[in-house]
Amino acid sequence: MRIQTKLVLALGALFALVAFLAILSGIYINRLSADTKNILVANYNSVSYSREMLLALDEGIQSPHIQQKFEVQLKRQKENITEPNELEATDRVNADFERIKNGPADSFLTRQIRKDLADIMLLNMQAIQRKSAIAGKTADKAIVWIAVSGTLCFIIAFTLLLNLPGAISNPIKTLTSSIRSITSKNYSQRIYYDKPDEFGDMAKAFNTMAQKLEEYNNSNLARLMNEKQRIETLINNIHEPVIGLDESKKVIFINEEAARITNTQPTEVLGKPVQDLAVSNDLIRMLIRDFFEPVTAHEPLKIYADNKESYFDKAIIPISIVPTGETETQHLGDVIFLKNITPFKELDYAKTNFIATVSHELKTPISSIKMSAQLLENNRIGNLNPEQKELVESIQEDAARLLKITSELLNVTQLESGKLQLQPILCRPEELIQKALQINETAAASRNIHIQVQLPADLPFLNVDADKTAWIFSNLISNAIRYSHENSPVVVTVAASKEEVLFSVKDHGQGIAPFYLDKIFDRYFRIPGSKKEGTGLGLSISKELIEAQGGSIGVHSEFGAGTEFIVTLPVANNN
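Residues numbered from 1 in each chain as written. Predicted model: local features only at pLDDT ≥ 70, side-chain atom pairs only at ≥ 80, totals over all residues. Heavy atoms only, no water.

**Some remarks on the overall build of the protein chain**
Okay, so step 1: When you go through the protein chain residue by residue, the secondary structure sums to 16 helices and 12 strands.
Okay, so step 2: In the protein chain, which comprises 575 residues, the proportion classed as buried is 34%.
Okay, so step 3: Long-range contacts, defined here as pairs at least 24 residues apart, represent 64% of the contacts in the protein chain between residues at least 6 apart.
Okay, so step 4: Per element, the accessible surface of the protein chain, about 35500 Å² overall, is 57% carbon and sulfur. (Helix = DSSP H or I, 4+ residues; strand = E, 2+ residues; numbered from the N terminus. Buried < 20%, exposed > 50% of the residue type's maximum accessible area, 1.4 Å probe, protein only. Contact = heavy atoms within 4.5 Å. Areas by Shrake-Rupley, 256 points an atom, 1.4 Å probe, with all protein chains shown as cover.)

**Some points on a negative patch on the surface**
Okay, so step 1: A cluster of like negative charges, contributed by Glu377, Glu387, Glu390, Glu393 and Glu397, occupies part of the molecular surface.
Okay, so step 2: Tracing the sequence through the fold places Glu390 in helix α12 (residues 386-417). (Patch = residues over 30% accessible without salt bridge, like charges linked within 9 Å, V, L, I, M, F, W, Y side chains within 5 Å. Salt bridge = Lys/Arg side-chain N within 4 Å of Asp/Glu carboxyl O. Lys, Arg positive; Asp, Glu negative; His and termini not counted. Charge placed at Lys NZ, Arg CZ, Asp CG, Glu CD.)

**Some thoughts on empty space enclosed by the protein**
Okay, so step 1: The tally for this structure, following the rule as stated, stands at one cavity of 30 Å³ or more.
Okay, so step 2: Taken as a whole, the largest cavity holds about 50 Å³ of empty space.
Okay, so step 3: At the level of elements, β2 (251-254) and α8 (274-280) are the ones that each hand at least two residues to the lining of the largest cavity.
Okay, so step 4: Within the lining of the largest cavity, the residues separate by chemical class into seven nonpolar, no polar and no charged. (1 Å grid on protein atoms, 1.4 Å probe; cavity = no way out; pocket = protein on both sides within 12 Å on 5 of 7 lines; lining within 4 Å. Points joined across faces, edges and corners; volume = space filled by probe spheres on them. Nonpolar A, V, L, I, M, F, W, Y, C, P; charged D, E, K, R; others polar.)

**Regarding the pattern of salt bridges**
Okay, so step 1: Tallied over the entire structure, the rule returns 12 salt bridges.
Okay, so step 2: Where Lys435 meets Asp467, a salt bridge forms, and the shortest distance between an N and an O atom there is 2.9 Å. Here the residue Lys435 occupies a position in helix α13 (residues 429-439), and Asp467 occupies one in helix α15 (residues 466-482), the gap between them amounting to 32 residues.
Okay, so step 3: What makes Lys435 partly exposed here is its relative accessible area of 38%.

**Some thoughts on the sheet that holds strand β7 (residues 450-454)**
Okay, so step 1: With mixed pairing, five strands are arranged side by side in an open sheet as β7-β9-β10-β12-β11. The sheet is open, and its two edges are formed by β7 and β11 (552-558), each paired on a single side. Within this sheet the neighbouring strands show an average axis-to-axis angle of 15°, counted without direction.
Okay, so step 2: When strand β9 (residues 489-496) meets strand β10 (residues 500-506), the two strands line up antiparallel, connected through six bridges. From the neighbouring strand, Ala495 faces β10, where its bridge partner is Leu502.
Okay, so step 3: Of the strands in this sheet, β7, β9, β10, β11 and β12 (562-570) touch α15, which is tilted by about 170° from β12. (Pairing = 2+ DSSP bridges. Axes fitted to C-alpha atoms, helices over the stretch in contact; angles between N-to-C directions.)

**Description of the side chain of Thr469**
Okay, so step 1: Within the secondary structure, Thr469 sits in helix α15.
Okay, so step 2: Residue Thr469 is classed as buried on the basis of its relative accessible area, which comes to 0%.
Okay, so step 3: A polar atom in the side chain of Thr469 sits 2.7 Å from the backbone oxygen of Asp465.
Okay, so step 4: In this view, Thr469 contacts Leu432, Val464, Gln549 and Leu569; residues no more than four positions away in its chain are not counted. (Polar contact = N/O pair within 3.5 Å; in protein donor to acceptor, adjacent residues only side chain to side chain.)

**Concerning the packing of aromatic side chains**
Any two aromatic rings considered together are summarised by their centre-to-centre distance and by the angle between their planes.
Okay, so step 1: Scanning the model with the defined rule gives three aromatic pairs in all.
Okay, so step 2: Judged by centre distance (6.2 Å) and plane angle (85°), the ring pair of Phe521 and Phe565 falls under edge-to-face. One end of the pair, Phe521, is in the loop between β10 and α16 (538-548); the other, Phe565, is in strand β12, with 44 residues separating them in the sequence. Exposure class is identical for Phe521 and Phe565. Each is buried.
Okay, so step 3: Lying over the aromatic face of Phe291, Lys249 brings its terminal NZ or CZ to 5.0 Å of the ring centre.
Okay, so step 4: Geometry around Phe461 places Arg428 over its ring, the cationic atom sitting 4.1 Å from the centre. (Phe/Tyr/Trp six-rings, centres within 6.5 Å; stacked < 30°, edge-to-face > 60°. Lys NZ or Arg CZ within 6 Å of the ring centre and 35° of its normal.)

**Describing a nonpolar patch on the surface**
Okay, so step 1: On the surface, Val144, Val148, Leu152, Phe154, Ile155, Phe158, Leu161 and Leu162 cluster together into a nonpolar patch covering about 790 Å² of accessible area.
Okay, so step 2: Residue position: Leu162 is located in helix α4 (residues 107-183).

**Thoughts on α15**
Because each turn of an α-helix spans 3.6 residues, side chains separated by three or four positions in sequence point in the same direction.
Okay, so step 1: Between its terminal C-alpha atoms α15 stretches 24 Å, which fits the 24 Å expected from 17 residues at 1.5 Å a residue.
Okay, so step 2: The buried fraction of α15 is high, at 14 of 17 residues.
Okay, so step 3: Capping of α15 at its N-terminal end is provided by Asp465; its side-chain oxygen lies 3.3 Å from the backbone amide nitrogen of Asp467. (Expected span 1.5 Å × (residues − 1).)

**Topic: the nonpolar core**
Okay, so step 1: Among the nonpolar cores identified, the biggest contains 41 residues, and Phe473, Leu476 and Phe503 are the most heavily contacted of them.
Okay, so step 2: When contributions to this core are tallied by element, the ones reaching two or more residues are α13, β8 (462-464), α15, β9, β10, α16, β11 and β12.
Okay, so step 3: Residues in contact with Phe503, not counting those within four places in the same chain, are Pro429, Ile433, Leu462, Phe473, Thr493, Val494, Phe565, Ile566, Val567 and Leu569.
Okay, so step 4: Among the nonpolar cores identified, the runner-up in size contains 20 residues, and Val251, Ala258, Val269 and Ala278 belong to it. (Core = buried A, V, L, I, M, F, W, Y, C linked by side-chain atoms within 4.5 Å.)

**Remarks on unusual backbone geometry**
Okay, so step 1: Here Asp458, not a glycine, exhibits a phi torsion of approximately 55°, which is positive.
Okay, so step 2: Counting through the fold element by element, Asp458 comes out in the loop between β7 and β8.
Okay, so step 3: Residues other than glycine seldom take positive phi values, yet Asn487 does so here, at roughly 70°.
Okay, so step 4: Secondary-structure assignment places Asn487 in the loop between α15 and β9.

**Thoughts on the pairing of β2**
Okay, so step 1: Looking at chain direction, strand β1 (residues 242-246) and β2 are connected through three bridges and run antiparallel. Within the sheet, the bridge partner assigned to Leu245 lies in β2 and is Val251.
Okay, so step 2: Between β1 and β2, which pair antiparallel in sequence order, lie four residues; one of them, Lys249, sits at a positive phi of approximately 65°.

**Considering the packing of α13 against α15**
Okay, so step 1: Orientation of α13 relative to α15, taken along the N-to-C sense of each, is 50°, at an axis distance of 8 Å. Classed by the angle they form, the pair α13 and α15 counts as oblique. Considering only the axes of α13 and α15, their crossing is right-handed. In this structure, α13 uses Leu432, Ile433, Lys435, Ala436, Leu437 and Ile439 to contact α15, whose residues at the interface are Ala466, Asp467, Thr469, Ala470, Phe473, Ser474 and Ile477. (Parallel < 35°, antiparallel > 145°, perpendicular 65-115°, else oblique. Left-handed = near helix turned anticlockwise from the far one by under 90°.)

**Quick look at the environment of Arg447**
Okay, so step 1: Tracing the backbone shows Arg447 in the loop between α14 (441-446) and β7.
Okay, so step 2: Spatially, the C-alpha atom of Arg447 lies 5.4 Å from that of Glu486, the residues being 39 residues apart in sequence.
Okay, so step 3: What Arg447 contacts, discounting residues up to four positions off in sequence, is Ile481, Arg482, Tyr483, Ser484, His485, Glu486 and Asn487.

**Quick word on the packing of helix α2 (residues 64-78) against helix α3 (residues 86-102)**
Okay, so step 1: Close contact between α2 and α3 brings their axes to 11 Å; oriented N to C, the two are set at 160°. The orientation of α2 with respect to α3, classified from their angle, is roughly antiparallel. For the crossing formed where α2 meets α3, the hand is left-handed. Within the contact between the two elements, α2 uses Gln67, Phe70, Glu71, Leu74, Gln77 and Lys78 and α3 uses Glu86, Thr90, Val93, Asn94, Phe97 and Lys101.
Okay, so step 2: For the contact of α2 with α3, a count of residues per class yields four nonpolar, four polar and four charged.

Just geometry here; none of it tells us what the structure is for.
Here's what the structure looks like:
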């Protein structure tokens, strides 16, 4: 039987029983109402009329007023004859009343009327009892029929409650489970449901689909195996270490280069959780650290390989797909890729050594040139004419600029090689600012630039390298002077909190275009089109020195309105 037919029959039978129960209840309620109404309207009224007439007799029938009252009640009784023999009794009362009006003192007639009224009351009381019994039987019959109908409705509803949800949901659950098996590539899954209904048709259609998928899968298995071997060969021929992990962090492939530097064999690690391998292999533990710890800035990995120290850049590539017909991304695993950057490191090391050597060798003769130019200005050696003085000043400026360039290059090489040593001491922020201002005092005066300093009292101590930090502020103030318009102010502000001291150097020059702000701290970067001298190293060195001391440096600039550099340094420990 079809599911739709089952539902129609079950729900139709339940509806019919509920309708029958409602009609039956209405019928018996109407019957009970009619029986009760008959008792109240007919018999009760007759008893009431007879009672009023008896009261009139007790009050004295001789009085015309009482006789009129008696006659009114007698008239009502005549109109309310409902029981057998009630008419005869009423006629007797009427006849006796007519006679008693002519002889009010006749006590026999009074007793006769009382007897007739008692007969009327008795007849109606018996009728009330009889009709009450009928109403009781009607009520009992109604209770029985309603109970039977309600029981049948309950049985049908309870049967539907027990069987109908399961009859619908169980095949759906079976179908859902089988579909999930199919999505997991278990194409041998079948649904065994042979009932002649809609679910049976669905099961047949599902089994046909699963069979075709299984045939398709088997027909492509050989091709898939060839593709797998091709990919494995490709991975093994990559000259960089590559390790593949599945979604549960088990090793699914490792090429020969990765096995060589990790000192493992592919057969020993394939299919094993990488966490277990990391317990006994320090290099693997270092490679998978990013999976279990917060990711920080990556430094090149230094690994002993090829009988020397080699450097590798690590990249973890997550593999995710969106399965067909779904919307959520499914994570399939990760690939750990190591790129050998040892040749680049060696070139960088050679470059650093070359720059350091050249800068060091140039620093001494440049200093000598500068000193010689200063001696030429001494009048004891001889007087110079204006043209010669101009040449000497030009020599001094060029020598100073070259000396600054060589100093910056030396600082860069020391930072790159890690040989730059910081010597932190306790010092006050105002001392650092005053030292930087003294260095730039002449440059500011030459361009008629007024440096406004805002220094609050009682600034906390800093634990920094005083010379290098003063050099940083001097470099920032020097840049502000060079890039400011003549006769414009440069504002130096210092503010302190409980944990850090904030330094601000603000100029009112041209400013920096927004698309250059993220490159301003890069080495050798200079804004295109800038005619100001410089190497593009000052801000890069400043940033590294500030961060090495636990601080930070940032820039805010509005193109056409000026630039503000902000430096924060931590307050020295109270101890």
